[in-house]
Amino acid sequence: MSDILLGVNVDHIATLRQARGTSYPDPVLAAGVAELSGADGITIHLREDRRHIIDRDVAVMSQTVQTRLNLEMAVTDEMVEIACQHQPHFVCLVPEKREELTTEGGLDVVTHVEKITQAVTKLSEAGIQVSLFIDPDYDQIDASIAAGAPFIELHTGHYADAENEAEQQSELKKIAAAASYAADKGLKVNAGHGLHYHNVSPIAALPEIIELNIGHSIIARAVMVGMDKAVSEMKTLMVQARKGCA
Ligand SMILES: CC(=O)[C@@H](O)[C@H](O)COP(=O)(O)O
Ligand SMILES: NCC(=O)COP(=O)(O)O
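Note that the structure is a prediction, hence the values are computed from the model and not measured. (Residues numbered from 1 in each chain as written. Chains lettered and ligands numbered in written order. Predicted model: local features only at pLDDT ≥ 70, side-chain atom pairs only at ≥ 80, totals over all residues. Heavy atoms only, no water.)

(A) A look at the overall build of the protein chain. When helices and strands are counted, the protein chain shows eleven helices and eight strands. With the principal axes as the frame, the protein chain shows a C-alpha extent of 45 × 40 × 35 Å. Within the protein chain, the proportion of its 246 residues that are buried is 51%. In the protein chain, the share of contacts with a sequence separation of at least 24, taken over all contacts with a separation of at least 6, comes to 67%. Carbon and sulfur atoms make up 53% of the accessible area of the protein chain, which totals about 11100 Å². Of the charged side chains in the protein chain, 20 are positive and 35 negative; the average position of the first set lies 4 Å away from that of the second. (Helix = DSSP H or I, 4+ residues; strand = E, 2+ residues; numbered from the N terminus. Buried < 20%, exposed > 50% of the residue type's maximum accessible area, 1.4 Å probe, protein only. Contact = heavy atoms within 4.5 Å. Areas by Shrake-Rupley, 256 points an atom, 1.4 Å probe, with all protein chains shown as cover. Lys, Arg positive; Asp, Glu negative; His and termini not counted. Charge placed at Lys NZ, Arg CZ, Asp CG, Glu CD.)

As structure tokens, then:
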């Protein structure tokens, strides 16, 4: 069975920095510590409103990240140009609304397949591997294939936000079925959003999942125990789950 990879999202290091407009804490430094602590990749979300990650962070991390840099961004000409300029290893196209507190759902690839295909084509031609952040939905998976994306990232937010065990199990079954359906069709499958130390194991145990992108819960734990411990504990949980030890 293949290893499960951890992409650490350092957006909320930048949230703390932007709260006061200081130069610290620096997400660049946090990314380095995360990589030294077992992260297999670094994820940053350059939002249109720059509420946390800013253009400087993308420029610097495109030079300093030693594993793989995954740039999350909306499907806009501005963001496509920024990605082509800085050449991250991956781009993950995500839906974005200025008024949202955090990402609320997956990209509607079915409705916007032409626009998304254009972005996937331009990014791929620039040598960037593209992932589409989608809900665990067969139509969205088929549309992602039509758009030419080699990767998808299944949105685990509804699983994470489930109000009871029955709802969480239902959402887990949707994710498991979607991961299997997508992998059978040749897509590479990642997952993320809202995962934490008490809900990550069932997702990490899904054999088709290549990488989990996790941010908020790791940064929140890092505030208490340090970035190195927060990252290594999450990675250990994921590896144990994948091996069936959880
Ligand atoms: C797409 C996704 O689920 C996250 O990676 C995204 O970064 C969430 O947005 P915030 O980091 O602004 O909460
Ligand atoms: N794409 C998911 C991600 O990068 C991190 O999401 P979260 O763990 O901060 O909810």
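(B) Main features of the nonpolar core. Counting 72 residues, the largest nonpolar core has V8, I42, M61, L93, L132 and L212 as the members making the most contacts within it. It is helix α11 (residues 227-243) that contributes the most residues to this core, six residues altogether. Residues contacting I42, with those up to four places away along its chain left out, are V8, V10, A31, A34, E35, M61, V65, T67, R68, L69 and N70. (Core = buried A, V, L, I, M, F, W, Y, C linked by side-chain atoms within 4.5 Å.)

(C) Looking closely at the site of ligand 1. Lining the immediate surroundings of ligand 1 are N9, D11, H12, H45, R47, H52, E72, V94, T102, T103, F133 and H193. Take N9: an N or O atom from its side chain is 3.4 Å from an oxygen atom of ligand 1. Here H12 contributes a side-chain N or O atom positioned 3.3 Å from an oxygen atom of ligand 1. Protein chains bury 91% of the 350 Å² of accessible surface belonging to ligand 1 in isolation. The site holding ligand 1 turns out to be the largest pocket. Classifying every residue of the shell around ligand 1 gives two nonpolar, seven polar and three charged. (Near = heavy atom within 4 Å. Polar contact = N/O pair within 3.5 Å; in protein donor to acceptor, adjacent residues only side chain to side chain. 1 Å grid on protein atoms, 1.4 Å probe; cavity = no way out; pocket = protein on both sides within 12 Å on 5 of 7 lines; lining within 4 Å. Sits in = over half its atoms within 2 Å of the grid points. Nonpolar A, V, L, I, M, F, W, Y, C, P; charged D, E, K, R; others polar.)

(D) Summary view of the site of ligand 2. Close to ligand 2 lie N9, T43, E72, F133, E153, G192, H193, G194, N213, I214, G215 and H216. Within the backbone of G215, an N or O atom sits 2.8 Å from an oxygen atom of ligand 2. In the model, an oxygen atom of ligand 2 is placed 2.9 Å from a nitrogen or oxygen of the H216 main chain. Considered on its own, ligand 2 offers 300 Å² of accessible surface; in the complex 92% of this is hidden by protein. For ligand 2, the cavity whose grid points lie within 2 Å of the majority of its atoms is the largest pocket.

(E) Seen up close, the UniProt feature "site: Transition state stabilizer" (unreviewed entry) in the protein chain. Under the local residue numbering, the UniProt record ascribes the feature "site: Transition state stabilizer" (unreviewed entry) to E153. The residue E153 is located in strand β6 (residues 151-155) in this model. The exposure class assigned to E153 is buried, which follows from its relative accessible area of 2%. In this view, E153 contacts E72, C92, S131, L132, F133, I134, N190, A191, G192 and N213; residues no more than four positions away in its chain are not counted. (UniProt positions renumbered as here; feature names shortened; annotations may be inferred.)

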